[in-house]
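# Remarks on the overall topology
For reference, the chains in residue letters:
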Amino acid sequence: MRNAAVTGHPIGHSKSPLIHGYWLKQHDIEGSYIAKDVPPETAESFYSSLAAHGFVGCNVTIPNKECAYNSAEKLDDAAEMIGAVNTLWLDDTGVLNGSNTDGPGFLGNMDQILPNWDNNGNKAVVLGAGGASRAIIWALLSREYTEVYIANRTMKKAEVLADHFGPNATAIKWDSLGKMLGQADFLVNTTSLGMTGQPELNIDLNNLSKSAVVTDIVYSPLQTRLLHDAAKRGNPTVDGLGMLLHQAVPGFEKWFGVRPEVTDELREMILREMGLT
Ligand code: NAP
């Protein structure tokens, strides 16, 4: 029996056991996926001895993603560039591999819901410069977006990210957002603004071309004000729930040997469990 887990601190809110539990049942796999509380003080020793704890791998969430990055013996390109690991697995030789699947999860969602979304032009605007923003910038730069503009409340953090990603990424002032939106082909919110319990994201979309694709990685509520306002004026929109589902795919495949699918049934089940339907 192969066992995996989502680890972090606190961990009770995680939807990952629902997602992986659904796939384990669907594929009739004799395995388990649990939520395991791993406080930061014990995280390094836990990740360095996963097998001894009975796991073939795990997901990693707040606040342990940097620790997992340091614990992994081998990193893929995404983890290397993003500087954080959310998926760990032991390979056949016992080597601890680390990946960051948030970027691929974002791409998987966009590709599934709006095929050719990235054939729309080359200018993207990213709101936010936190952990998720790094994954989204990495993802956009891996596709057709050769000009990625980052706007953040704390400008310095946007500048640090722009430096990290090189000449195709540029930090812009939040105040100049309106002007920049006039040239954007793609707009994504990666801040926590608009999430249930957080202040709303208030930006003026007037200058935005109606063909620009708009997405929000906040998925609770599913239809954020940004998505609502963008859809109302005719922009194509994609919600953020699929990113959560798609980021789980690579881990499941590594641990259990089957590449699972993100289906409407899975999406509906998670929406029900989250009380979003
Ligand atoms: P984070 O590292 O804490 O970053 C938070 C970001 O939001 C920063 O850019 C921060 O700006 C900005 N922000 C927070 N409060 C603000 C306010 N009052 N005014 C203006 N800006 C504000 O968080 P994260 O891990 O990147 O996550 C961000 C959001 O993405 C969360 O809602 C999370 O649930 C969601 N998310 C979704 C998925 C998915 O699968 N769909 C995956 C990952 C994350 P400052 O730098 O100025 O503080």
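A quick note: this is a predicted structure, and the numbers were derived from the prediction, not measured. (Residues numbered from 1 in each chain as written. Predicted model: local features only at pLDDT ≥ 70, side-chain atom pairs only at ≥ 80, totals over all residues. Heavy atoms only, no water.)

## Describing the nonpolar core
F106, W117, L140, I150, F186 and V188 are the most contacted members of the largest nonpolar core, which totals 30 residues. For this core, the elements supplying multiple residues, two or more each, are α4 (77–82), α5 (102–113), β7 (123–127), α6 (131–141), β8 (147–151), α7 (155–165), β9 (169–172) and β10 (186–189). Apart from residues no more than four positions distant in its own chain, V188 is found in contact with F106, V125, V126, L127, I136, L140, T215 and I217. (Core = buried A, V, L, I, M, F, W, Y, C linked by side-chain atoms within 4.5 Å. Buried < 20%, exposed > 50% of the residue type's maximum accessible area, 1.4 Å probe, protein only. Helix = DSSP H or I, 4+ residues; strand = E, 2+ residues; numbered from the N terminus. Contact = heavy atoms within 4.5 Å.)

## Some thoughts on the environment of E30
Looking at the element boundaries, E30 is found in the loop between α1 (16–26) and β2 (31–37). Accessibility expressed as a relative area gives 64% for E30, which makes it exposed. Residues contacting E30, with those up to four places away along its chain left out, are M1 and R2.

## Concerning empty space enclosed by the protein
Counted by the stated rule, this structure contains one cavity of 30 Å³ or more. Its boundaries defined by the atoms lining it, the largest cavity holds a volume of some 40 Å³. In this structure, the largest cavity is lined by L201, I203, L205, R225, L226 and D229. Of the residues in the lining of the largest cavity, the class split is four nonpolar, no polar and two charged. (1 Å grid on protein atoms, 1.4 Å probe; cavity = no way out; pocket = protein on both sides within 12 Å on 5 of 7 lines; lining within 4 Å. Points joined across faces, edges and corners; volume = space filled by probe spheres on them. Nonpolar A, V, L, I, M, F, W, Y, C, P; charged D, E, K, R; others polar.)

## Thoughts on the site of the ligand
With respect to spatial proximity, 20 residues lie near the ligand, and among them A132, N152, R153, T154 and K157 are the closest. Here G131 contributes a backbone N or O atom positioned 2.9 Å from an oxygen atom of the ligand. Take I217: an N or O atom from its main chain is 2.9 Å from a nitrogen atom of the ligand. Burial of the ligand by the protein amounts to 75% of the accessible area it has alone, namely 940 Å². A molecule is said to occupy a pocket when more than half its atoms come within 2 Å of that pocket's grid points, and by this definition the ligand occupies the largest pocket. Of all the secondary structure elements, the ones that give two or more residues to the shell around the ligand are α6 and α10 (241–246). Its residues assigned to classes, the shell around the ligand comprises nine nonpolar, nine polar and two charged. (Near = heavy atom within 4 Å. Polar contact = N/O pair within 3.5 Å; in protein donor to acceptor, adjacent residues only side chain to side chain. Areas by Shrake-Rupley, 256 points an atom, 1.4 Å probe, with all protein chains shown as cover. Sits in = over half its atoms within 2 Å of the grid points.)

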